[in-house]
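Architecture at a glance
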Amino acid sequence: QAVKILVKQINDIERATDYAEEVNEPVVWKKLAKYQLRQKFVKEAIDSYIRAFDAEAFHAVIDAARETQMFDDLVRYLQMCRKKIRDPAVDSELVHAYARTNRLADLEDFITGPNCAQIQLVGDQCFQGGMYEAAKILYNNINNFGRLASTLVRLKMFPQAVDAARQASSINTWKEVNRACLDAGEFRLAQQCALNIIVKPDELDELIRHYENAGHFDHLINLMEHGLGAQNAHPGIFTGLAILYSKYKPEKLMEHLKMFHSRLTFTKVYQACESNLQWSALAFLYVHAEDYDKAAKVMIEHSVDAWDHVPFKEVIVKVNNQDLYYQAVEFYLNEHPSLISDLLSTLPRLNHTKVVHSVEKVGHLPLIKKYLVAVQQTENIKAVNEALNNLYIEEEDYESLQDSINRFDNFDAIKLAKACERHELIEFRRIAAQLYKKNKRFEQSIEISKKDALFQDALKTVAESGNRDAAENLINFFVQNNNPHGFAAALYTCYDLIRPDVVFEIAWTHKMMDFAFPYFTQVLREYTTKIDELTSAKTKKAKSQEEGLESSGFQTGPVIDPSSGYPPMPYIPGGIPPAALLTTPNPLINQIHHPHLVNSTGHIGIPRLNVGINQGYVDQVPGQQIDYGVQPGSNEFSGFIGFS
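Residues numbered from 1 in each chain as written. Predicted model: local features only at pLDDT ≥ 70, side-chain atom pairs only at ≥ 80, totals over all residues. Heavy atoms only, no water.

Some details on the environment of His-210
On the secondary structure map, His-210 appears in helix H15 (residues 201-214). Take His-210: its relative accessible area is 18%, and that puts it in the buried class. Distance in space between the C-alpha atoms of His-210 and Arg-179 is 8.1 Å, their sequence separation being 31 residues. Among all residues touching His-210, those that are not within four sequence positions of it are Arg-179, Leu-182 and Asp-183. (Helix = DSSP H or I, 4+ residues; strand = E, 2+ residues; numbered from the N terminus. Buried < 20%, exposed > 50% of the residue type's maximum accessible area, 1.4 Å probe, protein only. Contact = heavy atoms within 4.5 Å.)

Here it is as C-alpha cells:
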C-alpha cells in the first residue's frame, strides 16, 4: 500500500525504489516494476521484475525492451523468466536478444541446448534485420540450407554459400548464389551454381540474359560448353550455345552445328544465323532439317558465303519446287558458267525446252553443249535439236551437224536450210541442199548443188523428184556449160524422166551424139523388148481364145441366121458365133434397137464398151480393130474403132 501511495499519489519513483529496497519484498518490487514500465523506465522496470522474480508480464517487458532497444537488460529478464516458465515466446525472444547484443557464443550455446524457441522465425528476423552472423548460426542449426545460402551470400562467404546451395538443392537458391557470385566476380563459383541451373529448360533463357546483361559473354560460353557434357543436358543447352557462338564466336559456330545439329531446336538457330548474316550455317541447318527448298534458295541468294558446288548439287536434286531448278540454272550462268553442264546433268525432271530458251536469252548456249548432246541421245526434242544444230553451224562442225539431222528429225528443216545456204563453207551449203530435198523443195536443192558444182547431188535430187522438166533443164544446163560428162551422167541417172526425142535434139544440136549414144542404145533395147513382149502376148491370147471356143462346142463352119434374111456367112476363127450372140441376152443391143447386125463381110458385131458416147459395134476378128459406126435404126456399119 505504501508503494502504491508513493508511485501513484506522491509520484516519487526514487522514494518508492528506496522503500522497495528497504522492504525487499516481491510484491513491492512487482508493484514498483509495473509503474516503472508504464512510465517507460524499462531498465528500472526489468530490474524490479528480476527482484520480484516475476515472469507474468514478459510480453509487456519484451515489447518495451524492443521499443527502447534494451536488449541487454531484456536478456537478464528473459533468463530469469526461463527459470519459472517454458514458453516459446520467451525462448525465441531470448535468442533474438542474444543476436541483437551480438552474443553469438551465448546464442549458439542456447540453441544447442534444450529450448523451445522458434528458430526459423527468429532466424528470419535476424536476416531481415541484417544480423547475418546470427542468422547463419540459426539457419545452420535447423538445416535450412536455402536461407543459410542466402545468409552466406550476404556475408560474402561464397564457397560456403555454394556448399549450402548444393545441400539445399533448390533452383531458386542456385540462382541466388549464382547471381551473387557473378556480381562479385567469383566466376568459377558462379559456374558451379549455373551448371545446376542450365539443366532446367525453363530457367536457361533467364540465366543467359543475366550473363549477357552483365557482359560476361566468354564466361557464359564457357559455362554452356561445360553444360554439354552434363548427364541431363537438353536441346536448349545445345541450341543456346549455338546462338551464343552465332553472336560472339562465329568461328566456332559451324563446328558446333556439325557435331550437334541433331540436338538443336532449329527455329531459334535459324533466327540467330539470319540476324547475324551467317548464311553458310543457315544453309547447313536447312539441309539437316530436310528443308531443301530453303537451303537451295539461301545458297543461290547468298552464294559468296553459302554456295559450294558439290553440296549444292546434292541439295538441288531434292527440292520440291521445280522452279528452283531454273533459278539454279540462271544462277550458274551468271556466277559459275563453267559448271553449268555439270549442274544440268544432275537435275532430274527438267523441262529441256525451257532450259534452252533460258540459256539462249543470255547467249551462253556453248556452255551447255555437253548437256544438250546428252539430252539429244535420249529425247528427240525440237528446241534441243535446233540449239545443237545452231552450235554446230557456229563451230563449223559440219560432220556433227550432218549426224544430228540424220538421226534426229524434230527441227525446223527449212529454217536450218536457209541458215546453211548462206554459209561460206561448201559442206554446209550441201547440207542445205539435202534439207531442201528432204522437204520436197527440189528446185532450191538443185540450184544450190548446181552453184557449188555438186552435180552428183543435183542428179540424185532430180531423180528423186520425178520431175521431167527438172531433168530436161539439168541436161540443158550441162550442155550449155559444155559439160558432156555431166550430160551423159544425167541421161543415165534420169533415164526414166527424159524423153528420147528431146535427148536426140539436144545431142544432135550440140554435137554430143557420142555421149548420148549409150542412152539411145538403151532406149532402142527397151522399145524392141516391149514390142516383142506385146507380140508374144497377143499370139498367146489368140491361141487361147481359139482353143476355148473349140472346147465349148461351137461350130466352125458357115453360119446362117434363119431370121435375118441374109445369106449364110462364114465363121471366122476368133470371132463370136452369130448364133451365140443372137441367143444371148444383151441389154446394150436392145438399147439401140438392133437385135442382131451383120456387116458386109459376114461378121457379127457386138456393142462396144462406150456405147453411151458413140453407139456402135465391134467385129470379132482376131488381131484386128474394127468399129462399125452404126447409128440407131440402121442395119449397116459405117466405120471402125480400136478393139483388141
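Some points on the packing of aromatic side chains
One pass over the structure, following the stated rule, counts 18 aromatic pairs. Measuring from centroid to centroid gives 6.1 Å for Tyr-98 and Phe-110, while their planes differ by 55°, and the two rings are tilted. Residue Tyr-98 is located in helix H7 (residues 88-100), and its partner Phe-110 is located in helix H8 (residues 104-112); the two are separated by twelve residues in the primary sequence. Note on Tyr-98: relative accessible area 6%, which makes it buried. Residues Tyr-519 and Phe-520 carry aromatic rings whose centres are separated by 5.6 Å and whose planes lie at 65° to one another, so their mutual orientation is edge-to-face. Residue classification places Phe-520 among the buried residues on the basis of a relative accessible area of 17%. Site record: aromatic cluster; members linked through ring pairs are Trp-307, Phe-312, Phe-331 and Tyr-332. Above the ring of Phe-127, the side-chain terminus of Arg-147 is found at 4.4 Å from the ring centroid. In this structure, Lys-354 is placed above the aromatic ring of Tyr-326, and the distance from its NZ or CZ to the ring centre is 4.2 Å. (Phe/Tyr/Trp six-rings, centres within 6.5 Å; stacked < 30°, edge-to-face > 60°. Lys NZ or Arg CZ within 6 Å of the ring centre and 35° of its normal.)

A look at the nonpolar core
Among the nonpolar cores identified, the biggest contains 146 residues, and Tyr-77, Phe-312, Ile-316 and Leu-372 are the most heavily contacted of them. Setting aside residues up to four positions removed in sequence, Phe-312 forms contacts with Ala-296, Met-299, Ile-300, Trp-307, Ala-328, Tyr-332 and Leu-343. Listed in part, the 27 residues of the second largest apolar core include Leu-474, Val-503, Met-512 and Tyr-519. (Core = buried A, V, L, I, M, F, W, Y, C linked by side-chain atoms within 4.5 Å.)

A look at the pattern of salt bridges
Overall, the coordinates contain 23 salt bridges when judged by the stated rule. Of the charged contacts in the structure, one is a salt bridge between Lys-175 and Glu-203, with a shortest N-O distance of 3.1 Å. On the criterion of sequence distance, the pair formed by Lys-175 in helix H13 (residues 171-183) and Glu-203 in helix H15 is long-range, its members being 28 residues apart. Both residues of the pair, Lys-175 and Glu-203, count as buried. The partner of Glu-464 in a salt bridge is Lys-437, and the shortest N-O contact between them spans 3.9 Å. Linking Glu-464 in helix H33 (residues 455-465) with Lys-437 in helix H31 (residues 426-438), this pair joins segments that are 27 residues apart in sequence. Judged by relative accessible area, Glu-464 falls into the partly exposed class, the value being 45%. (Salt bridge = Lys/Arg side-chain N within 4 Å of Asp/Glu carboxyl O.)

Comments concerning the packing of H15 against helix H16 (residues 217-227)
Interhelical geometry of H15 versus H16 gives an angle of 150° and a closest axis separation of 8 Å. It follows that H15 is roughly antiparallel to H16 by the angle criterion. Crossing handedness for the pair H15 and H16: right-handed. Touching Leu-204, Leu-207, Ile-208, Tyr-211 and Glu-212 of H15 are Phe-217, His-219, Leu-220, Leu-223 and Met-224, all from H16. Looking at the contact of H15 with H16 residue by residue, the classes come out as eight nonpolar, one polar and one charged. (Axes fitted to C-alpha atoms, helices over the stretch in contact; angles between N-to-C directions. Parallel < 35°, antiparallel > 145°, perpendicular 65-115°, else oblique. Left-handed = near helix turned anticlockwise from the far one by under 90°. Nonpolar A, V, L, I, M, F, W, Y, C, P; charged D, E, K, R; others polar.)

Points about helix H27 (residues 369-378)
Listing the buried residues of H27 in full gives Tyr-371, Leu-372, Val-375 and Gln-376. Down the axis of H27, the sector holding all buried residues measures 135°, keeping them to one side. Away from the buried face of H27 by more than 90 degrees, exposed residues Lys-370 and Thr-378 are located. In this structure, the buried residues of H27 make contact with helix H25 (340-346), helix H26 (352-362), helix H28 (382-395) and helix H29 (398-407). (Arc of directions from axis to C-beta.)

Quick look at unusual backbone geometry
The residue Asn-102 is not glycine, and still its phi comes out positive at about 60°. With respect to the secondary-structure elements, Asn-102 resides in the loop between H7 and H8. Asn-102 sits in the exposed class, given a relative accessible area of 55%. At Lys-156, a position not held by glycine, the phi torsion is positive, near 60°. Relative to the elements of secondary structure, Lys-156 occurs in the loop between helix H11 (145-154) and helix H12 (158-168).

Observations concerning H11
Burial analysis of H11 places eight of its ten residues in the buried class, which makes it a mostly covered element. For H11, every residue scored as buried is listed here: Phe-145, Gly-146, Leu-148, Ala-149, Ser-150, Thr-151, Leu-152 and Val-153. Elements that come into contact with the buried residues of H11 comprise helix H9 (119-128), helix H10 (132-141), H12 and H13. Within two residues after H11, Lys-156 carries a phi angle of roughly 60°, on the positive side.

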